[in-house]
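One letter stands for each residue in the lines below.
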Amino acid sequence: MKFSIYRYNPDVDKKPYMQDYDVVLEDSDQMLLDALLRIKDLDDSLSLRKSCREGVCGSDSMNINGKNGLACITKLSDLEEPVVLRPMPGLPVIRDLIVDMTQFFENYNSVNPYLVNNDEPPETERLQSPEDRAKLDGLYECILCGACTTSCPSFWWNPDKFVGPAGLLQAYRFIVDSRDQALDDRLENLEAPDRLYRCHNIMNCVDVCPKKLNPSLAIARIKDLKIKEANHSKTLESKAPTKRQIAIKSLHD
Amino acid sequence: MLLSLLTKRYPGMRAWLTQRLTGLLMAIYSVVLLIRVLVLTPSSYDDWLAFSRPWWWRLATLIFWVSLSSHAWLGVRDVLKDYVPNVKIRMVLLKLVVLALWVYLVWITLLLCNL
């Protein structure tokens with residue numbers, strides 16, 4: 001099977017290049033990662049990340065024939081030859097198919113991806129109704145492989161400003177969590193013009209997600225929630241007594 | 001209700017909501033325009049003049065152009081922010097866009113007033 005793989009070793013190469021491989025596969029080689037390991041047997045200078053080899057850890061995400069995906073769950077029989085492999089776009093290349101995901105995780109961390117609950121911790125876990133638990137389906141499954149965020153042009157052009165689909169999916173995951181108490185802070189955190197609203201719903205993220213999640217829908221729901229929350233606080237403001245009313249009342253008292 | 005949210009307190013939402021609201025206004029105008037053209041079938045210059053002259057239609061057309069200008073401004077601003085990294089060049093281009101949109105808006109307003 002023929003492969004064309006992006007190669008770049010900053011210690012040796014002046015610029016990246018594509019290297020062709022023609023590899024004989026065994027019957028047991030079913031997935032792209034199997035073929036890559038077969039290539040690595042031939043050329044151990046090829047660098048890539050891998051770990052669980054079953055689509056759970058998200059380490060081996062890469063650009064496969066122009067579309068981001070996980071090598072370990074991509075069937076070789078589904079790929080057109082030569083299989084063109086590149087590192088995920090939009091992030092600095094460390095070496096070959098390995099990218100520096102620092103920016104990706106900074107954006108992820110910026111949404112405070114953990115439960116905020118100031119109540120006294122119960123003896124066992126914080127309980128949820130089955131309905132509230134069901135709201136987390138389609139959100140908690142994200143494995144942070146980065147396939148969605150690095151296929152998003154808004155992230156390519158504004159990596160330090162736009163949170164990106166993975167980060168926003170995680171933001172929504174905690175926004176809808178019935179046990180979380182930081183809804184206002186979470187929505188306020190996404191108010192800066194480029195953090196949330198840079199998403200223009202082109203849905204590359206949905207197209208590439210190896211877990212079949214829908215970050216675009218999560219982003220749309222955050223936008224809806226922000227409108228509802230803003231309306232709610234406007235209503236509360238209008239009901240609150242003005243400074244003048246308070247002054248008049250204090251005079252009467 | 002939604003208009004009250006278009007404040008500086010919500011800078012991100014303001015631009016996003018403005019684009020949605022102006023898009024909605026333009027869509028409504030386009031549908032009404034299509035229906036009017038199909039029903040009234042103006043063909044001559046005088047027909048088109050009669051078509052465009054009612055005060056309410058001129059007002060609707062002005063609202064359409066104001067919507068179009070703000071919608072276009074937000075869209076082009078985003079594109080220039082993405083694709084023109086040089087701040088000086090970007091600022092010049094943004095100013096040119098603002099100038100062009102204002103010229104068009106004043107021009108269409110004068111045309112509508114003189115119908």
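### Concerning helix α3 (residues 55-83) of chain B
Here comes step 1: Taking 1.5 Å as the rise per residue, α3 of chain B with 29 residues should run 42 Å; its terminal C-alpha atoms sit 42 Å apart, in good agreement.
Here comes step 2: For α3 of chain B, the complete set of buried residues consists of W57, T61, F64, S67, S69, L74, D78, L80 and D82 of chain B.

### Focus: the confidence of the model for chain B
Here comes step 1: Mean pLDDT for chain B: 92, with 96% of residues reaching 70 or above.
Here comes step 2: The ipTM for the predicted assembly is 0.76, set against a pTM of 0.85.

### Overview of the nonpolar core
Residue and element names in this part refer to chain A.
Here comes step 1: Ranked by size, the top nonpolar core spans 66 residues in total, and within it F3, I5, L32, L36 and L85 carry the most contacts.
Here comes step 2: The leading source of residues in this core is helix α5 (residues 165-175), at six residues.
Here comes step 3: A domain split of this core shows at least three residues from each of domain 1 (2-99) and domain 2 (102-239).
Here comes step 4: Excluding anything up to four places from it in sequence, F3 contacts Q19, D20, Y21, V23, L32, A35, I39, L76, P82, V83 and L85.

### Considerations on the interface of chain B and chain A
Here comes step 1: Taken together, the 16 residues of chain B in the interface contact 16 residues of chain A.
Here comes step 2: Together chain B and chain A conceal approximately 1600 Å² of surface at their shared face, both sides included; 55% is due to carbon and sulfur atoms.
Here comes step 3: Considering only the surface of chain B that becomes buried against chain A, M13, W16 and D82 of chain B emerge as the three largest contributors, covering 34% of it.
Here comes step 4: Put simply, chain B and chain A have three salt bridges between them.
Here comes step 5: A salt bridge links K81 of chain B to D194 of chain A, with the shortest nitrogen-to-oxygen separation between them at 3.6 Å.
Here comes step 6: For the pair chain B and chain A, the interface holds six residue pairs in polar contact (both at pLDDT 80 or more).
Here comes step 7: Elements with a contribution of two residues or more to the side of chain B that touches chain A: α1 (11-40) and α3 of chain B.
Here comes step 8: When residues of the side of chain B that touches chain A are assigned to their parent elements, the largest contribution, five residues, is made by α1 of chain B.
Here comes step 9: Here the residues of the side of chain B that touches chain A are counted per class, giving nine nonpolar, three polar and four charged.

### With respect to the sheet that holds strand β3 (residues 61-64) of chain A
All names here are of chain A.
Here comes step 1: In space, the five strands of this open sheet follow the order β2-β1-β5-β3-β4, with mixed pairing throughout. With one partner strand each, in any of the chains shown, β2 (17-22) and β4 (67-70) form the two edges of the open sheet. Strand-to-strand twist of the sheet, defined as the mean angle between neighbouring strand axes without regard to direction, takes the value 35 degrees.
Here comes step 2: The strands touched by helix α1 (residues 32-42) within the sheet are β1 (2-7), β2, β3 and β5 (83-86), with β1 carrying the most contacts at an inclination of about 75 degrees.

### Comments concerning the domain arrangement of chain A
Residue and element names in this part refer to chain A.
Here comes step 1: Looking at the assigned domains, one finds that chain A contains domain 1 (2-99) and domain 2 (102-239).
Here comes step 2: Distance between the C-alpha centres of domain 1 and domain 2: 30 Å.
Here comes step 3: Taken together, the contact pairs 13 residues of domain 1 with 13 residues of domain 2.
Here comes step 4: In terms of surface lost to domain 2, no three residues of domain 1 exceed K67, N68 and L91, which account for 39% of the buried area on that side.
Here comes step 5: Here domain 1 is connected to domain 2 by one salt bridge.
Here comes step 6: Between K67 and D207 there is a salt bridge; the shortest N-O distance is 3.6 Å.
Here comes step 7: Run the count over domain 1 and domain 2 and you get five residue pairs in polar contact (both at pLDDT 80 or more).
Here comes step 8: Of the residues forming the side of domain 1 that touches domain 2, the biggest block, three residues, is contributed by β4.

Procedures and definitions
- Residues numbered from 1 in each chain as written.
- Chains lettered and ligands numbered in written order.
- Predicted model: local features only at pLDDT ≥ 70, side-chain atom pairs only at ≥ 80, totals over all residues.
- Heavy atoms only, no water.
- Helix = DSSP H or I, 4+ residues; strand = E, 2+ residues; numbered from the N terminus.
- Expected span 1.5 Å × (residues − 1).
- Buried < 20%, exposed > 50% of the residue type's maximum accessible area, 1.4 Å probe, protein only.
- pLDDT = per-residue confidence, 0-100.
- Core = buried A, V, L, I, M, F, W, Y, C linked by side-chain atoms within 4.5 Å.
- Domains from an automatic or database assignment.
- Contact = heavy atoms within 4.5 Å.
- Buried area = accessible area lost by both parts, 1.4 Å probe.
- Salt bridge = Lys/Arg side-chain N within 4 Å of Asp/Glu carboxyl O.
- Polar contact = N/O pair within 3.5 Å; in protein donor to acceptor, adjacent residues only side chain to side chain.
- Nonpolar A, V, L, I, M, F, W, Y, C, P; charged D, E, K, R; others polar.
- Pairing = 2+ DSSP bridges.
- Axes fitted to C-alpha atoms, helices over the stretch in contact; angles between N-to-C directions.

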